[in-house]
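# Fold and contact review
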Amino acid sequence: MDSKKRKKRQEEYPILLLWDAILHHKKIVSCLIAFVIIAFGGIIWYRHYSVKKEEQKELLKTMEHVAAISGTYKSGYVILILNPDNTASLTTAAGSYDEAVHLGHWEEKADGYPIQIDFSDSFEASMCGESDGYFSTLYFFSSALWPNLDAIQSMDYSKAETLTKQK
């Protein structure tokens, strides 16, 4: 009889042998399946957690960068205010009879690039090396206002209005 069982066992498919082993060791198999499910759940949770942490770091870095840019910049008769909400206010001829405030919107394409300030209306002012020049867009780069990108590329400081940040 023993040889019949052995012969029958050799003829069975390996999957059936595995199924028989699972049925005889239900507790061990259940623990193993629970461990695998918990491990996969942990891996998925950790990936989600690390992505969320990275996004928080990136957001904090961006907020610090915007906070560093934002503020009031002054020079003689020019006052530039860059707000964290990307609005800008430029006061020309500050403290004189011809004082005018010009509202605009600033945008930085990427870190290290000039900040472009677009004003809602073009205006006439004596700044950036021009007397009574017309401006609708100015660039803020290296603590100075520039009339165009060509002046920045050539670093022609005679066309720049150098500003200092107020604390």
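Residues numbered from 1 in each chain as written. Predicted model: local features only at pLDDT ≥ 70, side-chain atom pairs only at ≥ 80, totals over all residues. Heavy atoms only, no water.

## Quick word on the packing of aromatic side chains
- Counted by the stated rule, this structure contains 5 aromatic pairs.
- Both rings, one in Trp-146 and one in Tyr-157, keep their centres 5.2 Å apart while their planes meet at 55°; by these two values the pair is tilted. With a gap of 11 residues between them, Trp-146 in strand β7 (residues 144-146) and Tyr-157 in the loop between α4 (149-154) and β8 (161-162) connect regions that are remote in the sequence.
- By relative accessible area, Trp-146 is classed as buried at 0%.
- Among the aromatic residues, those joined into a ring-pair cluster are Phe-119, Phe-123 and Phe-135. (Phe/Tyr/Trp six-rings, centres within 6.5 Å; stacked < 30°, edge-to-face > 60°. Helix = DSSP H or I, 4+ residues; strand = E, 2+ residues; numbered from the N terminus. Buried < 20%, exposed > 50% of the residue type's maximum accessible area, 1.4 Å probe, protein only.)

## A look at the confidence of the model for the chain
- Scored by pLDDT, the chain has a mean of 86; 93% of the residues are at 70 or more.
- The least confident element of the chain, judged by mean pLDDT, is helix α1 (residues 2-11) at 59; the most confident is strand β4 (residues 100-108) at 93. (pLDDT = per-residue confidence, 0-100.)

## Brief notes about helix α3 (residues 26-69)
- Its 44 residues give α3 an end-to-end C-alpha distance of 65 Å, which sits within 8% of 64 Å, the value for a rise of 1.5 Å per residue.
- Residue Gly-71 follows α3 closely and has a positive phi angle near 150°. (Expected span 1.5 Å × (residues − 1).)

## Observations concerning the side chain of Thr-91
- Counting through the fold element by element, Thr-91 comes out in strand β3 (residues 87-92).
- Judged by its relative accessible area of 9%, Thr-91 is buried.
- Excluding residues that lie within four positions of it along the chain, Thr-91 makes contacts with Tyr-77, Val-78, Ile-79, Glu-99, Ala-100 and Val-101. (Contact = heavy atoms within 4.5 Å.)

## Here's the deal with the pairing of strand β2 (residues 78-82)
- Taking every second residue as pointing to the same face, the buried face of β2 carries Val-78, Leu-80 and Leu-82, while none of Ile-79 and Ile-81 on the other face is buried.
- Summarising the sheet, strand β1 (residues 71-75) and β2 pair through 5 bridges and their orientation is antiparallel. Opposite Ser-75, over in β2, you have Val-78 as the bridge partner.
- The turn joining β1 and β2, which pair antiparallel and follow one another in sequence, is formed by 2 residues; a positive phi near 40° is taken by Gly-76.
- Where β2 lies against β3, 4 bridges are found, and the strand directions are antiparallel. Paired with Ile-79 across the strands is Thr-91, a residue of β3.
- The loop that links β2 with its antiparallel partner β3 comprises 4 residues; one of these, Asn-86, has a positive phi angle of about 70°. (Pairing = 2+ DSSP bridges.)

## Let's talk about the nonpolar core
- One finds Ile-117 and Leu-145 to be the most contacted residues of the largest nonpolar core, which totals 20 residues.
- Looking at this core, the elements with two or more residues in it are β2, β3, β5 (115-127) and β6 (130-141).
- Examining the composition of this core, we find that 6 residues originate from one element, β5, more than from any other.
- The contacts of Leu-145, once residues within four sequence positions are left out, are Val-78, Leu-80, Leu-90, Ile-117, Cys-128, Leu-138, Tyr-139, Phe-140, Lys-159, Ala-160, Glu-161 and Leu-163. (Core = buried A, V, L, I, M, F, W, Y, C linked by side-chain atoms within 4.5 Å.)

## Regarding a nonpolar patch on the surface
- On the surface, a cluster of nonpolar side chains totalling about 520 Å² of accessible area is made up of Leu-32, Phe-35, Val-36, Phe-40 and Ile-43.
- Among the secondary structure elements, Phe-35 is positioned in helix α3.
- Its relative accessible area of 57% is what places Phe-35 among the exposed residues. (Patch = residues over 30% accessible without salt bridge, like charges linked within 9 Å, V, L, I, M, F, W, Y side chains within 5 Å. Areas by Shrake-Rupley, 256 points an atom, 1.4 Å probe, with all protein chains shown as cover. Salt bridge = Lys/Arg side-chain N within 4 Å of Asp/Glu carboxyl O.)

## Considering the sheet that holds β2
- Taking strand neighbours across the sheet as the criterion, the 9 strands line up as β8-β7-β6-β5-β4-β3-β2-β1-β9 in an open arrangement whose pairing is antiparallel. Two strands lie at the open edges of the sheet, namely β8 and β9 (164-165), each paired on one side alone.
- In terms of strand pairing, β1 meets β9 through 2 bridges, oriented antiparallel. Across the sheet, Lys-74 pairs through a bridge with Thr-164, a residue of β9.
- Against the sheet, α3 makes contact with β1, β2, β4, β5 and β9, and its axis sits at roughly 150° relative to β4, the strand it touches most. (Axes fitted to C-alpha atoms, helices over the stretch in contact; angles between N-to-C directions.)

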